[in-house]
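A structural walkthrough
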Amino acid sequence: MTDRQGLLIILSSPSGAGKSTLARALRTWDPTISFSISATTRAARPGEENGREYHFVSEPEFKRMVAERELLEHAHVFGNFYGSPKAPVLAAMQTGTDVLFDIDWQGAQQIRNSTQGLNTLTIFLLPPSISELRNRLLTRAQDDAGTVARRMEKSWDEISHWDGYDFVLINDDLEKTEAQLRSIIIASRLRRSQQTHLNDHVRKLQAEFEELS
Ligand code: ADP
Ligand code: 5GP
């Protein structure tokens, strides 16, 4: 038993709104936060390493993981399969560790509806404008023009699910958004349901109260 029940912190946004940048910043702020490394059937981009950004798997391997219920959630995004491995999350929950997910709205919904639903904290990032979203995708220089265009086409589909999240932040200023995310996490760790030591503490207060009265 730990003093605290870990949170499943889910960050979603249309591609290019700032999830990975903010997730990295959060990990620097609190290195105890663990990152969920998804399995995906998409090809690795230059600079990506198997087991660091993603577990890059074949389609038959992904289907096996789904069939054997190794994934907490899974979805088809931009023509590829993505899913969050269950085992590392359950291990983190046993030690009171928070886990951060960079996943889409379908995954967020599935985790919210899973047995871990009560420990879930969902945050959606909106871009300040669609033209700024496009600028960010272009300046990130990670994808060719066709891929950027496909991501832009899909962005409205993702944005249209903004109202299913606990918190919604407009990521116009990186430092401001980072500070807001930190506040949300600090406050959520104080939810009654996350503070598993409270029962013991209140029992001790009661014993002391009765002794003194
Ligand atoms: P996502 O992970 O959501 O696809 P990224 O984190 O890769 O998005 O961000 C896309 C690009 O936008 C990156 O080049 C990043 O540095 C930049 N970016 C993120 N947030 C901001 C912001 N608030 N202001 C300006 N640029 C930003
Ligand atoms: P990318 O290919 O740019 O890394 O990711 C594309 C989209 O897939 C992003 O919106 C990202 O949040 C989402 N994604 C990444 N991993 C997962 C996952 O495990 N499950 C779900 N549902 N979506 C994911």
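Here, the structure is the one placed above.
Residues numbered from 1 in each chain as written. Chains lettered and ligands numbered in written order. Predicted model: local features only at pLDDT ≥ 70, side-chain atom pairs only at ≥ 80, totals over all residues. Heavy atoms only, no water.

1. Re the site of ligand 2
Contacts to ligand 2 come from 17 residues, most closely from Ser38, Arg42, Tyr54, Tyr82 and Asp104. Within the side chain of Glu73, an N or O atom sits 2.8 Å from a nitrogen atom of ligand 2. In the complex, 94% of the free accessible area of ligand 2, which totals 520 Å², lies under the protein chains. Sorting the residues of the shell around ligand 2 by element identifies strand E5 (71–77) and strand E6 (80–85) as the ones contributing at least two each. When the residues that make up the shell around ligand 2 are grouped by side-chain class, the tally is six nonpolar, four polar and seven charged. (Near = heavy atom within 4 Å. Polar contact = N/O pair within 3.5 Å; in protein donor to acceptor, adjacent residues only side chain to side chain. Areas by Shrake-Rupley, 256 points an atom, 1.4 Å probe, with all protein chains shown as cover. Helix = DSSP H or I, 4+ residues; strand = E, 2+ residues; numbered from the N terminus. Nonpolar A, V, L, I, M, F, W, Y, C, P; charged D, E, K, R; others polar.)

2. With respect to the nonpolar core
Counting residues in hydrophobic clusters, the biggest one holds 20 residues, and the most contacted among them are Ile9, Leu11, Leu100, Leu121, Ile123 and Leu181. Elements with a minimum of two residues in this core: strand E1 (8–12), helix H1 (19–29), strand E8 (120–126), helix H5 (130–140), helix H6 (145–159) and helix H7 (174–188). Excluding anything up to four places from it in sequence, Leu11 contacts Lys19, Ala23, Leu100, Phe101, Asp102, Ile103, Ile123, Leu125 and Leu181. Leu8, Ile10, Ile103 and Ala108 belong to the second-largest nonpolar core, a separate cluster that totals 16 residues. (Core = buried A, V, L, I, M, F, W, Y, C linked by side-chain atoms within 4.5 Å. Buried < 20%, exposed > 50% of the residue type's maximum accessible area, 1.4 Å probe, protein only. Contact = heavy atoms within 4.5 Å.)

3. A word on unusual backbone geometry
In this structure, Arg69 takes a positive phi of about 55° despite not being glycine. With respect to the secondary-structure elements, Arg69 resides in the loop between helix H2 (59–67) and E5.

4. Some remarks on the site of ligand 1
The immediate surroundings of ligand 1 are formed by 15 residues, with Gly16, Lys19, Ser20, Thr21 and Arg140 found nearest. In this structure, a nitrogen atom belonging to ligand 1 sits 2.9 Å away from a side-chain N or O atom of Asn171. Contact distances for ligand 1 include 3.4 Å between a nitrogen atom and a backbone N or O atom of Asp172. Broken down by secondary-structure element, the contributors of at least two residues to the shell around ligand 1 are H1 and H5. The greatest single-element share of the shell around ligand 1, amounting to three residues, is contributed by H1. Of the residues that constitute the shell around ligand 1, the class distribution is three nonpolar, seven polar and five charged.

5. Observations concerning the pattern of salt bridges
As a working rule, side chains carrying opposite charge can pair if their charged atoms are close by. Within the structure shown, the criterion is met by 16 salt bridges. As a salt-bridge pair, Arg4 and Asp98 come within 3.2 Å of each other at their nearest N and O atoms. One end of the pair, Arg4, is in the segment before E1; the other, Asp98, is in the loop between helix H3 (86–94) and strand E7 (99–102), and 94 residues separate them in sequence. The partner of Glu178 in a salt bridge is Arg182, with the nearest N and O atoms 3.2 Å apart. Separated by four residues within a single helix, Glu178 and Arg182 lie in helix H7, roughly one turn from each other. Three or more residues joined by partner-sharing salt bridges are found here, namely Arg4, Asp30, Asp98 and Arg189. (Salt bridge = Lys/Arg side-chain N within 4 Å of Asp/Glu carboxyl O.)

6. What about the pairing of E7?
Sheet topology places E1 next to E7; four bridges connect them, and they run parallel. Within E7, the residue paired with Ile10 across the bridge is Phe101. Summarising the sheet, strand E2 (residues 34–35) and E7 pair through two bridges and their orientation is parallel. Each residue of the ladder has a partner; that of Phe35, found in E7, is Leu100. (Pairing = 2+ DSSP bridges.)

7. Concerning the packing of H5 against H6
It is at 11 Å that the axes of H5 and H6 come closest, and there the two elements cross at 140°. Our classification of the angle between H5 and H6 gives oblique. Helix-helix and strand crossings are classified by hand; for H5 and H6 the assignment is right-handed. Taking contact as the criterion, the partners of Ile130, Leu133, Arg134, Leu137, Leu138 and Arg140 in H5 are, on H6, Val148, Arg151, Met152, Ser155 and Ile159. Of the residues assigned to the contact of H5 with H6, the class counts are seven nonpolar, one polar and three charged. (Axes fitted to C-alpha atoms, helices over the stretch in contact; angles between N-to-C directions. Parallel < 35°, antiparallel > 145°, perpendicular 65-115°, else oblique. Left-handed = near helix turned anticlockwise from the far one by under 90°.)

8. Observations concerning a nonpolar patch on the surface
On the surface, a nonpolar cluster with roughly 290 Å² of combined accessible area is contributed by Trp29, Ile186 and Leu190. Residue Trp29 is classed as partly exposed on the basis of its relative accessible area, which comes to 30%. (Patch = residues over 30% accessible without salt bridge, like charges linked within 9 Å, V, L, I, M, F, W, Y side chains within 5 Å.)

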